Amino acid sequence: MARATGVTPKTVSRALNDAPHVSKAVRQKVKEAAAALDYHPNLAAQSLIARRSFLIGLTYERPSPSYVVELQNGALSRLENGRYRLIVLPFNHVASRPAELGTLLLRAGLDGVLLAPPACDQRELLDMLERQKLAYARITPHSELERGVVVAMDEVAAGHAVAAHVLELGHRRVGIILGDPSHAASKGRLKGYRQAFAEADLAIDQKLVVTGDFTYDVGYEVALELLRQTPRPTAILAQNDDMAVAAIAAARDLGHSVPTDISVAGFDNSEVSRTAWPQLTTVHQPVREMAWDAANRLIAALDGEMDAAPSRRDHPHELLVRASTAPPAR
């Protein structure tokens, strides 16, 4: 390989390992030569030599399937054709046992870990990882945003946008389906709803606020509770798309039409929001892009290509108005 490219064996190794201090032109030349010679580095051997695993963990807690797929695809697209590999580590009830998750991550032999909600907001977990010098990047945290590598989106502004849309249509009796209370995102989105209501000089009716746990099944049951109230709400804000689609199903099962009788809006812009009928008004959360960015910046930190100081990057949200929302019936 060195003879074919005209560089030293050490430079070849550094280029194939995406190590720093190799020019882009030399790196490309070496990789093109490797492809032409059908050469594939032995990752196990690389790990032994470098005393590193080249494994990146991704941990999350039972969110919607679409959200998980977007997280994984974003991270995997950054790791594709590189020396790092992804290990997915789902873990339930993080808020009540952060130390157990920390032990799991430390025993997994990782070089670094991507922390999706709610793990990204667990101070005990972050303290533990820092003491043991396990690098991490946080995806959409809500607390201590100056701490570590942070990839964020303004959940409050996003919640405000979708609530303001429903209020501008003329809805005043609005049901709200919250997510898992251990996820800071649920509180952030609710704060945005409250801001939109306050700007419209309205108060949220607490009798119309229920918890759906971010799942379809629980979302369906609590949507039935809302829709059986007298008078029933004319619109429902659900804090993710799975619960919003469940609310549409509950409305139909009770003989109501969406959006003629009741408007429904979700959050995330997951695949189910686009395949539902009617298509769901929702907030686009760039999960894939944020996961890619978090993986990219974590790798940069691991490879010594990023400043040691904590860094943060914000990604924009977008309100997508589709067919599931309309003015209330007269």
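The rules behind each value
- Residues numbered from 1 in each chain as written.
- Predicted model: local features only at pLDDT ≥ 70, side-chain atom pairs only at ≥ 80, totals over all residues.
- Heavy atoms only, no water.
- Buried < 20%, exposed > 50% of the residue type's maximum accessible area, 1.4 Å probe, protein only.
- Helix = DSSP H or I, 4+ residues; strand = E, 2+ residues; numbered from the N terminus.
- Pairing = 2+ DSSP bridges.
- Right-handed = clockwise from strand over helix to strand, strands pointing away.
- Core = buried A, V, L, I, M, F, W, Y, C linked by side-chain atoms within 4.5 Å.
- Contact = heavy atoms within 4.5 Å.
- Axes fitted to C-alpha atoms, helices over the stretch in contact; angles between N-to-C directions.
- Parallel < 35°, antiparallel > 145°, perpendicular 65-115°, else oblique.
- Left-handed = near helix turned anticlockwise from the far one by under 90°.
- Nonpolar A, V, L, I, M, F, W, Y, C, P; charged D, E, K, R; others polar.
- Polar contact = N/O pair within 3.5 Å; in protein donor to acceptor, adjacent residues only side chain to side chain.
- pLDDT = per-residue confidence, 0-100.

Quick word on the pairing of strand S4 (residues 135-139)
A large share of S4 lies buried, amounting to four of its five residues. Here strand S3 (residues 112-115) pairs with S4 via four bridges, running parallel. The residue bridging Leu 115 from the neighbouring strand is Arg 138, located in S4. As for the winding sense of the linkage, the β-α-β connection from S3 through helix H7 (residues 123-131) to S4 is right-handed. Relative to strand S5 (residues 149-153), S4 runs parallel, the two being bridged by three bridges. Within the sheet, the bridge partner assigned to Ala 137 lies in S5 and is Val 149.

Describing the nonpolar core
Grouped together as the largest cluster of nonpolar side chains are 46 residues, with contacts concentrated most on Ile 56, Leu 71, Leu 114, Ile 176, Tyr 193 and Leu 237. Per-element tally for this core: the top contributor is helix H13 (residues 287-302), with eight residues. The residues contacting Leu 237, other than those within four sequence positions of it, are Val 162, Ala 163, Val 166, Val 174, Gly 175, Ile 176, Ile 177, Tyr 193 and Ala 265. In this structure, Leu 224, Ala 247, Val 258 and Ile 262 belong to the second largest nonpolar core, which totals 25 residues.

Examining the packing of helix H5 (residues 65-79) against H13
Between H5 and H13, the least distance of the axes is 7 Å, while the angle of their chain directions is 40 degrees. Classified by the angle between their axes, H5 and H13 sit oblique to one another. For the pair H5 and H13, the sense of crossing is right-handed. Judged by residue contacts, Tyr 67, Glu 70, Leu 71, Asn 73, Gly 74, Ala 75, Ser 77, Arg 78 and Leu 79 of H5 engage Val 287, Arg 288, Ala 291, Trp 292, Ala 295, Asn 296 and Ile 299 from H13. Looking at the contact of H5 with H13 residue by residue, the classes come out as nine nonpolar, four polar and three charged.

Structural notes on the pairing of S5
The buried fraction of S5 amounts to five of the five residues, a majority that puts the element mostly inside the structure. By the alternation rule, side chains of S5 split into Val 149, Val 151 and Met 153 and Val 150 and Ala 152, which are all buried. Relative to strand S11 (residues 311-315), S5 runs parallel, the two sharing five bridges. Looking at S11, one finds that Met 153 is bridged to His 315.

Re the side chain of Ser 186
Relative to the assigned elements, Ser 186 resides in helix H9 (residues 184-199). A distance of 3.3 Å separates the side chain of Ser 186 from the backbone nitrogen of Gly 179, its partner in a polar contact. Contacts of Ser 186, omitting those with residues within four sequence positions, involve Leu 178, Gly 179, Asp 180, Phe 214 and Gln 239.

Here we look at the packing of helix H10 (residues 216-227) against helix H11 (residues 241-253)
As a packed pair, H10 and H11 sit with axes 8 Å apart at the nearest point and diverge in direction by 45 degrees. When the axis of H10 is compared with that of H11, the two are oblique. For H10 against H11, the interelement crossing comes out right-handed. Of H11, the residues touching H10 (which contributes Tyr 216, Gly 219, Tyr 220, Ala 223, Leu 224 and Leu 227) are Asp 242, Met 243, Val 245, Ala 246, Ala 247, Ala 249, Ala 250, Ala 251 and Asp 253. Its residues assigned to classes, the contact of H10 with H11 comprises twelve nonpolar, one polar and two charged.

Quick word on the sheet that holds strand S1 (residues 55-59)
Strand order in this open sheet of six strands is S2-S1-S3-S4-S5-S11, and the pairing throughout is parallel. On the outer flanks of this sheet lie strand S2 (85-88) and S11, each paired with one strand and no other. Averaged over all pairs of adjacent strands, the angle between their axes in this sheet comes to 20 degrees, without regard to strand direction. Strand direction decides the pairing type here: S1 and S3, joined by four bridges, are parallel. Among the inter-strand pairings, Thr 59 is bridged to a residue of S3, identified as Leu 115. Against the sheet, H5 touches S1, S2, S3 and S4, its axis set at about 160 degrees to S2.

Remarks on the confidence of the model for the protein
When pLDDT is averaged along the protein, the result is 90; 87% of the residues meet or exceed 70. Segment residues 42-50: pLDDT under 50, and nine contacts once partners within four positions in sequence are set aside and those in other chains are kept.

Considerations on the sheet that holds strand S7 (residues 209-211)
Pairing in this open sheet of four strands is parallel, and the strands run S7-S6-S8-S9 from one edge to the other. Of all strands in the sheet, those with a lone pairing partner are S7 and strand S9 (263-265), marking the two edges. Each strand axis lies, on average, 20 degrees off the axis of its neighbour in the sheet, ignoring direction. With four bridges connecting them, strand S6 (residues 174-178) and strand S8 (residues 235-238) associate as parallel partners. Counterpart to Val 174 in the pairing with S8 is Ala 235. Sheet strands touched by helix H8 (residues 155-168): S6, S8 and S9. Its angle to S8, the strand with the most contacts, is close to 175 degrees. This element, H10, spans S6, S7 and S8 of the sheet and lies at about 155 degrees to S6.

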